[in-house]
Amino acid sequence: MRIRGFEFSMRELAGSMGDFGTLFPLAVGYIVYCGLNPAGFLVMMGLTNIVTGIVYRLPMPLEPMKALAVMAIAQRWPPSLIYASAFGSGLIWLLLGVTGLIDRVSVLTPRSVTRGIQVALGLLLGIEGLKAVSTSWVLAACALAIVALLRNNRCAPASVVLMVMGLVLVFTPLSALVGNATLDPAKALPSFTPLPLTTFSPGEVWKAMVLAGFAQVPLTLTNAVIAASALISRYFPDRPVPERRLAINMGIMNVVVPFFGGMPMCHGAGGLAGQYYFGARTGGTNIIEGTLEICMGLFFATTIHSVLGAFPQAIIGAMMLAVGFELARFALELRGREVGVACATVVASVALNMAAGYGVGLAVHYLFQRPSRKAAGHVRTGSDV
């Protein structure tokens, strides 16, 4: 069904599940280890998805800010500190977007560095995917076969089939085949949970930014702004979304959602690649995903952490491997010196982090540029004489 450019179909439903590989592990950590309220977490993500889908009319994934999420989960931050980190991050992105500073940064970033970041994301997803599939190689092989056979199937898209298969394994004795405990379906009956109102202090905002928020900025810049904008232009050349607009959008959503239990969120090239790979083509994907998240948050918040924790990791890992390959293939379009710059970006990103990869890639790019500029300058001087 199409309504004014929005498509609501099995393909868009499949696309809405395509970024679960990047969202799933951190969502589980936030809820299970940090005690984040599932109702606020899911409802605010759902509302943001719906608004984003309506505004852009494109698939526009929402993901946890990874550095913040990893630090929060590893140190088991209290929920108020997580909400404070979202608010602080939102203020930074509003500042970068409104002042136009983000445009200056993006102009200085060459294609080779952007592609290197995308390839690095693909490799990192692939590494995490391999860890997940190692929990059950047989199930992972079946999942990858389903991806290969049904990825473009409009009636039974791969990601929908995989999600249904995973839920069957969660709630039936078949879960024993992959080493999972079976959950009692009676424990997943719906019960209404109201949306929470959450607070935090100015001191917590500063503490969260010092602990991980400021380190998150360059990572979000590379993945959620520069690489995401480039990937949107690649997938939807007639509907580009400039970096400045993405920055302002992330700023607005992050200064609002923490007051209602939302986590620090950003867009992401990995999530977009996953959605597109599994079929997303319109903003209908975001509306479908958002509706599902709101329903889960309001009616299944009390049991969602058990379901998420029991979902077969091999299935998620297989999806991550497929998306990782989708991102890594962009390296094929690079030529000449671009390959060297991209390789330097990838190595530093994987060995250290995305921010380091971005810095190393820029340094190598401009070092390559210096000899050619000197040569060009020498030729021009000679001709003038």
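In this text, all values refer to a predicted model and were calculated from it rather than measured experimentally.

Chemist: I tried to follow the overall build of the chain on my own but got confused; where do I start?
Modeler: The secondary structure content of the chain amounts to 17 helices and four strands. Out of the 385 residues belonging to the chain, those deemed buried represent 55%. Nonlocal contacts in the chain, meaning residues at least 24 apart in sequence, comprise 85% of its contacts between residues at least 6 apart.

Chemist: Please clarify how the packing of aromatic side chains should be interpreted in this entry.
Modeler: Following the criterion strictly, the structure yields nine aromatic pairs and no others. Their ring planes at 75° and their centres at 5.0 Å tell us that Y277 and F278 sit as a pair that is edge-to-face. As far as the burial class goes, Y277 and F278 line up, both buried. These aromatic residues form a ring-pair network of at least three members: F87, F200 and F259. Positioned over the ring face of Y276 is R281, at 3.7 Å from the centre of the ring.

Chemist: How do you make sense of the environment of A314 when you look at a structure like this?
Modeler: Here A314 is to be found in helix α15 (residues 313-328). Sequence separation between A314 and V133 is 181 residues; the distance between their C-alpha atoms is 4.0 Å. Not counting residues within four places of it along the chain, the set of residues in contact with A314 comprises A132, V133, T135, S136, L139 and A140.

Chemist: Is there a simple way to explain helix α11 (residues 243-256) in this structure?
Modeler: The periodicity of an α-helix, 3.6 residues per turn, causes residues three or four positions apart to be oriented the same way. In this model α11 runs 21 Å from its N-terminal to its C-terminal C-alpha over 14 residues, within 8% of the 20 Å that 1.5 Å per residue would give. Those residues of α11 not exposed but buried are E243, L246, A247, N249, M250, G251, M253, N254 and V255.

Chemist: Could you clarify how one ought to interpret unusual backbone geometry in this entry?
Modeler: Among all residues except glycine, the phi angle is most often negative; among peptide bonds, the trans geometry is most common. The phi dihedral of R57 falls on the positive side, at around 60°, and the residue is not glycine. As for its placement among the helices and strands, R57 is situated in the loop between α3 (38-56) and β3 (63-64). By relative accessible area, R57 is classed as partly exposed at 39%.

Chemist: Even after reading the chapter, I still don't get a nonpolar patch on the surface, so can you show me in this structure?
Modeler: A contiguous nonpolar patch, built from L123, L124, I127 and V350 and spanning about 270 Å² of accessible area, is present on the exposed surface. With three residues, helix α7 (residues 111-133) is the largest single contributor of residues to the nonpolar patch. Within the secondary structure, L123 is located in helix α7.

Chemist: How should the environment of P312 be read in this particular structure?
Modeler: The topology assignment puts P312 in the loop between α14 (304-310) and α15. For the pair P312 and L139, spaced 173 residues apart in sequence, the C-alpha to C-alpha distance is 8.7 Å.

Chemist: What am I meant to see in the pattern of salt bridges here?
Modeler: When charged atoms on two side chains of opposite charge get close, those side chains can pair. Enumeration over the complete set of coordinates arrives at four salt bridges. The residue R11 makes a salt bridge to E7 at a minimum N-O spacing of 3.2 Å. With its nearest N and O atoms 3.9 Å apart, the salt bridge here joins R11 to E12. With relative accessibility at 19%, the residue R11 sits in the buried group. Within the structure, one salt-bridge network assembled from shared partners comprises E7, R11 and E12.

Chemist: Got a minute to help me understand the packing of α3 against α11 in this structure?
Modeler: If you want to describe how two helices pack, look at the angle between their axes and the distance between the axes. Where α3 meets α11, the axes come as close as 12 Å, and the angle between the chain directions of the two elements is 150°. As summarised for this structure, α3 and α11 are arranged roughly antiparallel, according to the angle between their axes. Note that α3 runs across α11; the crossing there is right-handed. Contacts from T48, T52, V55 and Y56 of α3 reach α11 at R245, L246, N249 and M253.

Chemist: Got a minute to help me understand the packing of helix α8 (residues 137-150) against helix α9 (residues 158-171) in this structure?
Modeler: Their axes nearest at 8 Å, the elements α8 and α9 cross at an angle of 150°. In terms of orientation, α8 and α9 fall into the roughly antiparallel class. As α8 runs across α9, the sense of the crossing is right-handed. Together, L139, A143, I146, V147 and L150 of α8 and A158, V161, L162, M165 and L169 of α9 make up the contact between the two elements. In terms of residue class, the contact of α8 with α9 is made up of ten nonpolar, no polar and no charged.

Chemist: Could you clarify how one ought to interpret the nonpolar core in this entry?
Modeler: In a soluble, globular protein the nonpolar side chains are often hidden away together inside. Ranked by size, the top nonpolar core spans 50 residues in total, and within it Y30, F41, W77, W93 and M263 carry the most contacts. For this core, the leading source of residues is helix α10 (residues 202-235), giving nine residues. In this structure W77 touches C34, L68, M71, A72, I82, S85, A208, L211 and A212, once residues within four positions along its chain are discounted. In this structure, L13, L139, I146 and M163 belong to the second largest nonpolar core, which totals 49 residues.

Chemist: Got a minute to help me understand the side chain of H365 in this structure?
Modeler: Within the secondary structure, H365 is located in helix α17 (residues 354-384). With sequence-adjacent residues up to four places away left out, H365 is seen in contact with P110, S112 and V341.

Chemist: Looking at this structure, I do not really get the confidence of the model for the chain. What am I missing?
Modeler: As a general rule, the predicted coordinates of low-pLDDT regions are not to be interpreted in detail. Overall, the predicted model of the chain reaches an average pLDDT of 82, with 88% of residues at or above 70. When the criterion is pLDDT under 50, residues 378-385 qualifies, and its contacts beyond four places in sequence or with other chains add up to zero contacts.

Chemist: Looking at this structure, how should I read the side chain of E7?
Modeler: On the secondary structure map, E7 appears in strand β2 (residues 6-7). Residue class for E7 comes out buried when judged on its relative accessible area of 6%. Separated by 3.2 Å, the side chains of E7 and R11 make a polar contact.

The rules behind the values
Residues numbered from 1 in each chain as written. Predicted model: local features only at pLDDT ≥ 70, side-chain atom pairs only at ≥ 80, totals over all residues. Heavy atoms only, no water. Helix = DSSP H or I, 4+ residues; strand = E, 2+ residues; numbered from the N terminus. Buried < 20%, exposed > 50% of the residue type's maximum accessible area, 1.4 Å probe, protein only. Contact = heavy atoms within 4.5 Å. Phe/Tyr/Trp six-rings, centres within 6.5 Å; stacked < 30°, edge-to-face > 60°. Lys NZ or Arg CZ within 6 Å of the ring centre and 35° of its normal. Expected span 1.5 Å × (residues − 1). Patch = residues over 30% accessible without salt bridge, like charges linked within 9 Å, V, L, I, M, F, W, Y side chains within 5 Å. Areas by Shrake-Rupley, 256 points an atom, 1.4 Å probe, with all protein chains shown as cover. Salt bridge = Lys/Arg side-chain N within 4 Å of Asp/Glu carboxyl O. Axes fitted to C-alpha atoms, helices over the stretch in contact; angles between N-to-C directions. Parallel < 35°, antiparallel > 145°, perpendicular 65-115°, else oblique. Left-handed = near helix turned anticlockwise from the far one by under 90°. Nonpolar A, V, L, I, M, F, W, Y, C, P; charged D, E, K, R; others polar. Core = buried A, V, L, I, M, F, W, Y, C linked by side-chain atoms within 4.5 Å. pLDDT = per-residue confidence, 0-100. Polar contact = N/O pair within 3.5 Å; in protein donor to acceptor, adjacent residues only side chain to side chain.

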